Each structure stands twice: as structure tokens, then as C-alpha cells.
Amino acid sequence: MSIYDENEKVDYFEDTDVPEEKPKPEKKPRLKPDDPRYWEEPEDDFEHLRPSGRSHWKFWCVLAAVAIVVGIVWGGYVMTFSAYVVDATQYGYVESIDKRGDVIKTYEGVLLPYKNLMDTTRVYDGDFVFSSNNPSVAARLAEMQIANRPVRVTYKVYHTAMPWRGDSKIQVVSVDSVDERDILPPDRQPARVTETVNEPAAKK
């Protein structure tokens, strides 16, 4: 038998200073308006500022719908009314210009670019097909076609051809006559005509 009584044994793992853990308070469940106990609870001062789950979902749905509508309107405007090339110019000879259309009449024309005509080192790229809804521009183009004179046209390029603009995405907005000497290479310029003035014969 041990000289120490069992009751007098020292328990080194027992610490009387350690406070006891307090039980965690249970989280109060959030009641819904359809629960009768919801109306018995005191009203929170900030309850009206908290968005409910349903209203939060509606807000994002409305925001997404507005963004989609704005995107569709902006894309339609860009594809229909906005020109992505403006103030562009082209030189050449008018091959044809006529008025077409079943309901909306527009002017459709073909221009032979002078660079393609005069460049014999590269393959011909093709004609310059354009539209115009301006009668004065079409009349000027027809006049230059009859006179077989080179012209300079200013045009815009749209993403899509629309009936009120014509069959082509290229819209000619103005036309000017140019001198062949300003656009043709030196070896292909027309001969200059010099006028001679007959001086009166000297009196004898």
C-alpha cells in the first residue's frame, strides 16, 4: 500500500482557474410575414432599408432587361444610321447612272476608278459601285458621263444598305469635275492645245 492516500493525489491536469464555456446563444430565426409571430415582434429601425430576396432579384432582372434594350437600340442605330467611313474620295469616269427602285427611287451608278484603268502592273480590282439619293448629285454625274470627263466623288460607307439610301452600302454625297492633268500620270496626259494669236502684219 502506498504511503499516500488516493484522495491526496495531486491532479496536475486539473485547473480550477479555467472559466467554463458559456453556451452560444441560439440564432433567432427570421420570421416571414406569413408567420403570425412576425407581427408580434418589435419593428427594427433599419428593417425598411433591408431589401428582401424577391425585390433584390427583381432589381437585377430589370437592370438586365434595360441593358439588353439599350444594347439592341444602340446596335440598330450603328448598323442602320451611322456611317463608319466618312469624307472618303474616289476619282474616275462615270460608266453608268440610273434611277431604280420599286417603292423608293434611288440613283445607282458605276464609276471606273482611274487608278485601276491606268495601272497596267496589277489586275483590275473592279468597278466602284455606289448609290445616291440626291437628285442634283445624280444629274451632275450624268452630265459628266455624257461629257466623258473624270470626276471626284465624296462618299460615305455604311454597315448595311437600306432602301431609302439605295442598293449599295456606298453613298455618294457630292461630285466635282477634275482636270485630267491632275489625276493622270505624266505619260498618259492629253496633249495640251496651245492657242496661237496671229499678229497683224507690219506695215510697209
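Residues numbered from 1 in each chain as written. Predicted model: local features only at pLDDT ≥ 70, side-chain atom pairs only at ≥ 80, totals over all residues. Heavy atoms only, no water.

Colleague: Teacher, can you tell me more about the side chain of Ser132 here?
Modeller: On the secondary structure map, Ser132 appears in strand E3 (residues 128–132). With relative accessibility at 0%, the residue Ser132 sits in the buried group. A polar atom in the side chain of Ser132 sits 3.3 Å from the backbone nitrogen of Asn134. Apart from residues no more than four positions distant in its own chain, Ser132 is found in contact with Thr106, Tyr107, Val137, Arg165, Gln171 and Val172. (Helix = DSSP H or I, 4+ residues; strand = E, 2+ residues; numbered from the N terminus. Buried < 20%, exposed > 50% of the residue type's maximum accessible area, 1.4 Å probe, protein only. Polar contact = N/O pair within 3.5 Å; in protein donor to acceptor, adjacent residues only side chain to side chain. Contact = heavy atoms within 4.5 Å.)

Colleague: Where do I start with the side chain of Thr106 in this structure?
Modeller: Following the sequence through the fold, Thr106 ends up in strand E2 (residues 106–113). Exposure remark for Thr106: the relative accessible area of 3% places this residue in the buried category. Leave out the neighbours within four places in its chain, and Thr106 touches Asp98, Lys99, Arg100, Ser132, Pro163, Trp164, Arg165 and Gly166.

Colleague: Teacher, can you tell me more about the nonpolar core here?
Modeller: One broad rule of soluble globular proteins: the nonpolar side chains tend to lie buried together. Ranked by internal contacts, the top residues of the largest apolar core, which has 18 residues, are Leu111, Phe128, Phe130, Leu141, Val151, Val153 and Tyr155. Of all the secondary structure elements, the ones that give two or more residues to this core are strand E1 (83–100), E2, E3, helix H3 (135–147), strand E4 (150–158) and strand E5 (170–177). Residue contacts for Phe130: discarding those within four places in its chain leaves Ile97, Tyr107, Glu108, Gly109, Val110, Leu111, Leu141, Ser168, Ile170 and Val172. (Core = buried A, V, L, I, M, F, W, Y, C linked by side-chain atoms within 4.5 Å.)

Colleague: I keep staring at the environment of Glu108 and nothing clicks. Help me out?
Modeller: Inspection of the secondary structure assignment puts Glu108 in strand E2. Here the alpha-carbon distance between Glu108 and Asp167, two residues 59 residues apart in the chain, equals 7.3 Å. Within the structure, Glu108 has its side chain in polar contact with the side chain of Ser131 (distance 2.5 Å).

Colleague: Could you clarify how one ought to interpret the packing of aromatic side chains in this entry?
Modeller: Working definition: an aromatic ring pair is given by the centre-to-centre distance plus the angle between the planes. Throughout the structure, instances matching the rule amount to 7 aromatic pairs. Pairing Phe59 with Trp60 gives two aromatic rings, centres 5.5 Å apart and planes at 70°, and the pair type is edge-to-face. Looking at Phe59, the relative accessible area reads 48%, which means it is partly exposed. Residue Trp60 is classed as partly exposed on the basis of its relative accessible area of 48%. Among the aromatic residues, ring-to-ring pairing joins Trp74, Tyr77, Phe81 and Trp164 into one connected group. The cationic tip of Arg165 hangs over the ring face of Tyr158; the distance from NZ or CZ to the ring centre is 3.7 Å. (Phe/Tyr/Trp six-rings, centres within 6.5 Å; stacked < 30°, edge-to-face > 60°. Lys NZ or Arg CZ within 6 Å of the ring centre and 35° of its normal.)

Colleague: When you look at the pairing of E1 in this model, what are you seeing that I'm missing?
Modeller: Side-chain direction in a regular strand flips from residue to residue, so the side chains alternate between the two faces of the sheet. The pairing of E1 with E4 spans 8 bridges and is antiparallel. Residue pairing for E4: Tyr91 is matched across the bridge by Arg152. Relative to E2, E1 is paired through 8 bridges, and the arrangement is antiparallel. In the strand pairing of E2, Lys99 is matched with Tyr107. What sits between E1 and E2 in their antiparallel hairpin is a turn of 5 residues, with Gly101 showing a positive phi close to 130°. (Pairing = 2+ DSSP bridges.)

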